[in-house]
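Close look at the chain arrangement
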Amino acid sequence: KPMDHEQNAAAQQNVDIASKDSKIELMFVDHVTLEGVGNSHLVEFIVLNAPKLSSLKGLEACKSLKSVWVCETGVESLGGCLSTLSKLQRVFLYNNRILEILPAEFAEKNVISTLDVHSNGLENINFLERLEALESLNLAENNISSLRGSVLKSLALLSRVNLAGNPILDVLDLVKQLQVAPSLKHLTLKDLCFRDTPCCNSEGYTIAVRHMLDLETLDNIKVGSQSACKNILHEVEQGRLRCEMLARTLTFAFKKRTEQLYASLGLSTEDFHSGANANLVTQWEQNHRTLKASFEFLCKVNKLQCETFGNIQFEVGSPRYPW
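In this report, the structure presented in the accompanying data block is examined. Note that the structure is a prediction, hence the values are computed from the model and not measured.

Observations regarding the overall build of the chain
Along the backbone of the chain there are 6 helices and 10 strands. A fraction of 45% describes how many contacts in the chain between residues 6 or more apart in sequence connect residues 24 or more apart. Entry remark: accessible area of the chain is about 18000 Å², with carbon and sulfur atoms responsible for 53%.

The structure is reproduced here in structure tokens:
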């Protein structure tokens, strides 16, 4: 609960009192510093919703820490406070004000398997170069527009990545950059918890990502390499069927409209061909030309859809590499 000044002072003192415990949780506090927290017993440290917390100074002394949650705070940089924590396994730093993380922020020999830094202001992921044990990475809602020059190739265990809500425009460029991650199986670019990623709106997004990456799930939907191929074929076939159905519908509509014109003008087929009622025939021809032009335009659009939809060639090979 929100605390007044005296309560906050007591809470700050309690950090020192609790310094012999293996787990500390601080939530919804206004004034708190982490100095004095350090001890050899602390395994898990959690700070949630502390908007005036601006520094992690004090954590560097907690050599036994395995899990750190510092979320929804005013922290703008790590200040090297995690570089001495070689036993860290899970790090959650989401919803802070962090604009940059340097590789040296993490211990040279570390065992971090989970890193969540969503909703900050990060622009690159070069800080990952020391995280060789990393398995799960959440980078959602940052300012990352490209993974060029990234270190994904060295992350042999990385299997899960969330990039939703980043200003990534080119899906093919992104896929090529992700292909170097040897163990990537779960990729999220669309997530209900975050903004849309612009590249997800590009035509063929799903087909390109599914085929070029050997994924098990895309946007939390199970695909698998075999089912991905089947899904591609299904989408292509469905598209062709829609185009054919449109052509049949237009042809039927044109026929029905012609019959309606005949009936409205009081003409039979025989009357039309015999040249009777010349004025009515002229009126019919004008309507017919207008209708025919509209029909031909729709047919042209339909033909273009048939020619361009599903223009994919299947070959035997690795789904990791583009043709």
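So, the sheet that holds strand β3 (residues 67-73)
One open sheet accounts for 10 strands, arranged β1-β2-β3-β4-β5-β6-β7-β8-β9-β10; its pairing is mixed. Among the strands making up the open sheet, the edge pair consists of β1 (23-27) and β10 (221-222). In terms of strand pairing, β1 meets strand β2 (residues 44-50) through 5 bridges, oriented parallel. By the bridge assignment for β2, Lys23 is matched with Glu44.

Points about unusual backbone geometry
As a rule of thumb, non-glycine residues mostly have phi less than zero, and peptide bonds are mostly trans rather than cis. Look at Phe28: it is not a glycine, yet its phi comes out positive at around 55°. Secondary-structure assignment places Phe28 in the loop between β1 and β2. We note that Glu141 has phi near 55°; this positive angle belongs to a residue other than glycine. Overall, the relative accessible area of 16% leaves Glu141 in the buried class.

Things to note about the pattern of salt bridges
All told, the structure shown has 5 salt bridges when counted by the stated rule. Two residues, Lys23 and Glu25, come together in a salt bridge whose shortest N-O distance is 3.1 Å. A relative accessible area of 40% places Lys23 in the partly exposed class. In this structure, the salt-bridge partner of Lys185 is Asp214, at a minimum N-O distance of 3.5 Å. Here the residue Lys185 occupies a position in the loop between α2 (171-178) and β8 (186-188), and Asp214 occupies one in the loop between α3 (205-212) and β9 (217-218), the gap between them amounting to 29 residues. Here Lys185 falls in the partly exposed class, since its relative accessible area comes to 24%. Linked through salt bridges whose partners overlap, the residues forming this network are Lys23, Glu25, Glu44 and Arg90.

Quick look at the packing of α2 against α3
Two elements in contact, α2 and α3, have axes separated by 10 Å at closest approach and are oriented at 15°. Accordingly, the angle class assigned to the pair α2 and α3 is roughly parallel. Regarding α2 and α3, the two cross each other, and that crossing is right-handed. On the side of α2, the interface is formed by Val171, Leu172, Val175 and Lys176, while α3 contributes Tyr205, Ala208, Val209 and Met212. Among the residues making up the contact of α2 with α3, the classes are represented as 7 nonpolar, no polar and 1 charged.

Considerations on the pairing of β3
The element β3 is extensively covered by neighbouring structure, given that 6 of its 7 residues are classed as buried. The pairing of β2 with β3 spans 6 bridges and is classified as parallel. By the bridge assignment for β3, Phe45 is matched with Val68. Sheet topology places β3 next to strand β4 (residues 90-92); 3 bridges connect them, and they run parallel. Bridge pairing links Ser67 to Arg90 in β4.

Focus: the nonpolar core
Among the nonpolar cores identified, the biggest contains 64 residues, and Leu128 and Leu187 are the most heavily contacted of them. Listed by contribution, the elements that provide at least two residues to this core are β1, β2, β3, α2 and α3. Looking at this core, the element that brings in the most residues is α2, giving 4 residues. If we ignore the near neighbours within four places in the chain, the residues touching Leu128 are Leu115, Leu134, Leu137, Val151 and Leu155.

Re the environment of Phe194
Structurally, the position occupied by Phe194 is in the loop between β8 and α3. A relative accessible area of 15% means that Phe194 is categorised as buried. Each C-alpha atom, one on Phe194 and one on Leu163, is 9.7 Å from the other, the two residues being 31 residues apart in sequence.

A closer look at the packing of aromatic side chains
Enumeration according to the criterion identifies 1 aromatic pair in this entry. Their ring planes at 15° and their centres at 3.8 Å tell us that Trp69 and Phe92 sit as a pair that is stacked. Here Trp69, found in strand β3, pairs with Phe92, found in strand β4; they are 23 residues apart in sequence, far enough to count as distant. Residue classification places Phe92 among the buried residues on the basis of a relative accessible area of 10%.

Cut-offs used in this document
Residues numbered from 1 in each chain as written. Predicted model: local features only at pLDDT ≥ 70, side-chain atom pairs only at ≥ 80, totals over all residues. Heavy atoms only, no water. Helix = DSSP H or I, 4+ residues; strand = E, 2+ residues; numbered from the N terminus. Contact = heavy atoms within 4.5 Å. Areas by Shrake-Rupley, 256 points an atom, 1.4 Å probe, with all protein chains shown as cover. Pairing = 2+ DSSP bridges. Buried < 20%, exposed > 50% of the residue type's maximum accessible area, 1.4 Å probe, protein only. Salt bridge = Lys/Arg side-chain N within 4 Å of Asp/Glu carboxyl O. Axes fitted to C-alpha atoms, helices over the stretch in contact; angles between N-to-C directions. Parallel < 35°, antiparallel > 145°, perpendicular 65-115°, else oblique. Left-handed = near helix turned anticlockwise from the far one by under 90°. Nonpolar A, V, L, I, M, F, W, Y, C, P; charged D, E, K, R; others polar. Core = buried A, V, L, I, M, F, W, Y, C linked by side-chain atoms within 4.5 Å. Phe/Tyr/Trp six-rings, centres within 6.5 Å; stacked < 30°, edge-to-face > 60°.

Coordinates in, geometry out; function isn't part of it.
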